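Summary of the model geometry
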Amino acid sequence: MPGSSGVSVEGSCKALCRTLVSQKGLQRETADISQSVLYTSLMGLLLVTDNEKDPLALGSGRVGLRNIGNTCFLNAVVQCLSHTRALRNYSLLKSYKHEKFSKEDAKLMEAFSQVLSGLWDVNDGDTVVNPRKFYSIFKDAVPYFSGYSQQDAQEFLRFLLDKLHTEINRRPNVRKTGKEPEQKYARFRIAEEAAAMWKKHLERDDSIIVELFSGQLRSSLHCSVCSHYSNTFDVFCDLSLPIPKRSSGREVTLWECLDLFSQEEKLDKENSPMCERCNRHTECTKRLSIQRFPQVLVIHLNRFTTSRWSISKSTMLVSFPITHLDLGPYGPADCGPVLYDLYAICNHAGTVNMGHYTACCLDENGWCFYNDSSVTALSENQLQTNQAYVLFYQRSSSTSATRK
């Protein structure tokens, strides 16, 4: 861990940030990024430079988590987040202490960081880390997860990221004022409109969680009566993909799930929003696409289906690429290849009522299988199973794309 050098890095960053903001090229009123985002970016760059001299000391990371009573869902998700490098380093360096956040103590973030410190202890002193304190603080924040009943890992992930963000939000005092009035018939280019909506989002929500996990979805509506097109933009932290049904039982691909997610959907009058031009509910078509791509892409394979009387689970094998997942075809028309590499998987084995969560995570020495307190090496050809539930991808700097 950096010692006194951390203070000098922070001071250098603040000084450089003030200098840049004062320059004519980056006016406070017209800057497209917040000063806090600029500060964090500069802090990261300086930390990288500083860490080349005094690197962050890390253990192997191949340490298990104790199951403290039906907490396999927590253990699997925490292992996946622990292998999200930018979040791990941010937590271990306790960078959140140098940033502005809400007046409330960052109790959950501190407990989360303590768990990660145990998992990445340079001495590898503990073969198993006990997450009891972390889970206790989380349950106080989200009582829904109290008790010892079986919980859903994807729900836990969403709640956890939301609570961590709330504690370390750099914009905690900016309140949402309800639904803002829409500009009728505004002739903005789609990219400009999306950028404006994203900027408004960052004015209220700005944290390492947003920087890593948040993306932007575009919902496009086409009225069948007047042919008017309208767009809405929503922030997402994961993509929940439907799994196509197969009567033959053969495997499906992640591409087919993405195609089903983004395919055009017909809406009747009863289920459609009001057309801006017709000023009434009309039949229309709806299509989803990705407008802004996150640094960390979380894909939820929606294996659980709720009917009126029961919940069922799909055990369909969904094959997915390990490297070079290209989401470019699901983004703006001119975006080109947008590539991602897999680094973690949260698995669910068993049935709806009797299930168990595990994780597969990639480190510098290869893949490992995390089953609560047990950690074993894993080969890449063992990753593709019908238990894959949540996939974690890191955006790649490569530009060459091949569908695999």
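Quick caveat: nothing in here was measured; it's all calculated off a predicted structure.

Looking at unusual backbone geometry
Phi at K94 is positive, roughly 55°, even though this residue is not glycine. Mapped onto the secondary structure, K94 falls in the loop between α4 (85-92) and α5 (107-119). A positive phi angle, close to 55°, is found at D372, a residue other than glycine. Following the sequence through the fold, D372 ends up in the loop between β16 (366-371) and β17 (374-378). Residue classification places D372 among the buried residues on the basis of a relative accessible area of 13%.

Quick look at the packing of helix α6 (residues 132-141) against helix α7 (residues 153-168)
Between α6 and α7, the least distance of the axes is 11 Å, while the angle of their chain directions is 85°. Classified by the angle their axes make, α6 and α7 are roughly perpendicular. Note on element contacts: α7 touches α6 through F156, F159, L160 and K163, opposite F134, F138 and A141. Looking at the contact of α6 with α7, its residues break down into six nonpolar, no polar and one charged.

Quick notes on the side chain of H348
Residue placement: H348 occurs in strand β14 (residues 339-350). The buried category is assigned to H348, whose relative accessible area is 2%. Only 2.9 Å separates the side chain of H348 from the side chain of K313, close enough to count as a polar contact.

So, helix α8 (residues 190-204)
Across its 15 residues, α8 extends 22 Å between first and last C-alpha, which sits within 8% of the 21 Å expected from 1.5 Å per residue. All buried positions along α8 are accounted for by A194, W198, H201 and L202. Buried residues of α8, viewed axially, fall in a sector of 95°; they line one side. The inward-facing, buried residues of α8 contact α9 (208-213), β3 (215-223), β4 (229-236) and β8 (284-292).

Digging into the packing of aromatic side chains
Summed over the entire model, instances satisfying the criterion amount to 14 aromatic pairs. Taken together, a centroid distance of 5.5 Å and an interplanar angle of 80° make the contact between F304 and Y389 edge-to-face. Pair noted here: F304 is in strand β10 (residues 304-306) and Y389 is in strand β18 (residues 388-395), with a separation of 85 residues, a long-range link. With a relative accessible area of 18%, F304 lands in the buried category.

Reading guide: rules and limits
- Residues numbered from 1 in each chain as written.
- Predicted model: local features only at pLDDT ≥ 70, side-chain atom pairs only at ≥ 80, totals over all residues.
- Heavy atoms only, no water.
- Helix = DSSP H or I, 4+ residues; strand = E, 2+ residues; numbered from the N terminus.
- Buried < 20%, exposed > 50% of the residue type's maximum accessible area, 1.4 Å probe, protein only.
- Axes fitted to C-alpha atoms, helices over the stretch in contact; angles between N-to-C directions.
- Parallel < 35°, antiparallel > 145°, perpendicular 65-115°, else oblique.
- Contact = heavy atoms within 4.5 Å.
- Nonpolar A, V, L, I, M, F, W, Y, C, P; charged D, E, K, R; others polar.
- Polar contact = N/O pair within 3.5 Å; in protein donor to acceptor, adjacent residues only side chain to side chain.
- Expected span 1.5 Å × (residues − 1).
- Arc of directions from axis to C-beta.
- Phe/Tyr/Trp six-rings, centres within 6.5 Å; stacked < 30°, edge-to-face > 60°.

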